[in-house]
Amino acid sequence: MEAAQLAYSAAVIGLIFGPPGSGKGTQAVRIQQEFDMTHLSTGEILRKEVERGSEIGQEAARIMAAGDLVTDELMDRIVQGRLERTGSGVSVLLDGFPRTLVQAKALDAMVDRLGRKVAFVVALDVPETVLVDRLLHRAQVEGRADDTREAIMERMHEYHRRTEPVLEHFRSRGVPVVQIDGRGEVGEVFERVRDALRRVLGRSPANTGL
Ligand code: B4P
């Protein structure tokens, strides 16, 4: 089934989760194209602010370089503004948000206020040794400030401590959470993601908002 054949009757909000290096950003670009969604990456937004040297960027730069999480208050403001500016007829894929339970609850309130709902969560699973190798490789190619070994270990730690519990939050609210094996070639991983999302989105229109 092609993207155009997925009969959307309402736009959805989807989330993509995974530890640093699991391929969130990489897969999000493909999901965006296949399912006609707007991709909102909080990491990308922050990196652009850092590049521009804006007030937000100056506040975020040091935190990100250390591998820590930017404050919930700042992230909530950024995402709320972006969601409000997105028309209700547009499907949105949130990549990198929410990363804490406080952000998850803020998102619940935002989608309620906008009369929307979270239709799915994609969670990528990749062993830590593979993640570290991928990120150290990216460090050589792109030179991102947070791809040092020390910052990578801190990001992993923050993911397990603060982000993993967010998956349970959405499960307990009845949102379909699809766990995907994120090992292997980018295209292979995407086939798994695509097949799982087709099942979720086709399975129960009433439950998914489609
Ligand atoms: P992100 O930009 O979300 O950074 P990330 O977790 O490393 O994921 P990214 O999408 O870049 O990498 P991917 O796994 O796709 O966040 C950066 C920082 O911003 C955070 O640490 C935090 O400080 C801050 N931040 C962002 N959102 C926040 C929030 N909500 N609250 C607080 N702080 C927030 O890919 C990694 C590498 O692997 C790439 O080089 C890719 O090419 C490669 N790769 C991907 N798939 C592969 C595959 N199948 N095989 C081989 N390589 C692969």
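So, a few notes on the structure that sits alongside this text. (Residues numbered from 1 in each chain as written. Predicted model: local features only at pLDDT ≥ 70, side-chain atom pairs only at ≥ 80, totals over all residues. Heavy atoms only, no water.)

### Focus on helix 3 (residues 55-65)
As a reminder of what qualifies: Partly exposed describes any residue whose relative accessible area lies between the buried limit of under 20% and the exposed limit of over 50%, with all areas from a 1.4 Å probe on protein chains only and scaled to the type maximum. Runs of E in the DSSP output that reach at least two residues are strands. Runs of H or I that reach at least four are helices, and both are numbered from the N terminus. Within this analysis, the arc is defined by the directions that extend from the helix axis to the C-beta atoms. We call two residues contacting when some pair of their heavy atoms lies within 4.5 Å.
Among the residues of helix 3, Gly-57, Ala-60, Ile-63 and Met-64 are the ones counted as buried. With its buried residues spanning 135 degrees around the axis, helix 3 presents them on a single face. Exposed residues pointing more than 90 degrees away from the buried face of helix 3 are listed as Glu-55, Gln-58 and Arg-62. Its buried side turned inward, helix 3 meets helix 2 (42-52). Downstream of helix 3 by a residue or two, Gly-67 has a phi angle that is positive, lying close to 85 degrees.

### As for the sheet that holds strand 3 (residues 92-95)
Stated precisely, the cut-off is as follows: The criterion for strand pairing is that DSSP finds at least two bridges linking the strands in question. Lines are fitted to the C-alpha atoms to define the axes, a helix being fitted only along its stretch in contact, and any angle between axes, read from their N-to-C directions, falls within 0 to 180 degrees.
Strand order in the open sheet formed by five strands is 2-3-1-4-5, with parallel pairing between adjacent strands. The sheet terminates laterally at strand 2 (38-41) and strand 5 (177-181), the two strands that pair on one side only. The sheet shows a mean angle of 20 degrees between the axes of neighbouring strands, direction not considered. As judged from the four bridges shared by strand 1 (residues 13-17) and strand 3, these two strands associate in the parallel manner. Along strand 3, the bridge assignment pairs Leu-15 with Leu-94. Contacting strand 2 and strand 3, helix 2 crosses the sheet at an angle of about 60 degrees to strand 2.

### Quick look at unusual backbone geometry
For the bond running from Phe-97 to Pro-98, omega is 0 degrees, close enough to zero to count as cis. When you line up the elements, Pro-98 lands in the loop between strand 3 and helix 5 (101-113). Here Asp-36, not a glycine, exhibits a phi torsion of approximately 55 degrees, which is positive.

### As for the side chain of Ser-54
What counts is decided by this rule: What qualifies as a polar contact is a pair of N or O atoms within 3.5 Å, subject to a donor-acceptor requirement within protein and to the restriction that residues adjacent in sequence count only when both atoms come from side chains.
By the element assignment, Ser-54 lies in the loop between helix 2 and helix 3. Engagement of the side chain of Ser-54 in a polar contact is seen with the backbone nitrogen of Gly-57, the distance being 3.1 Å.

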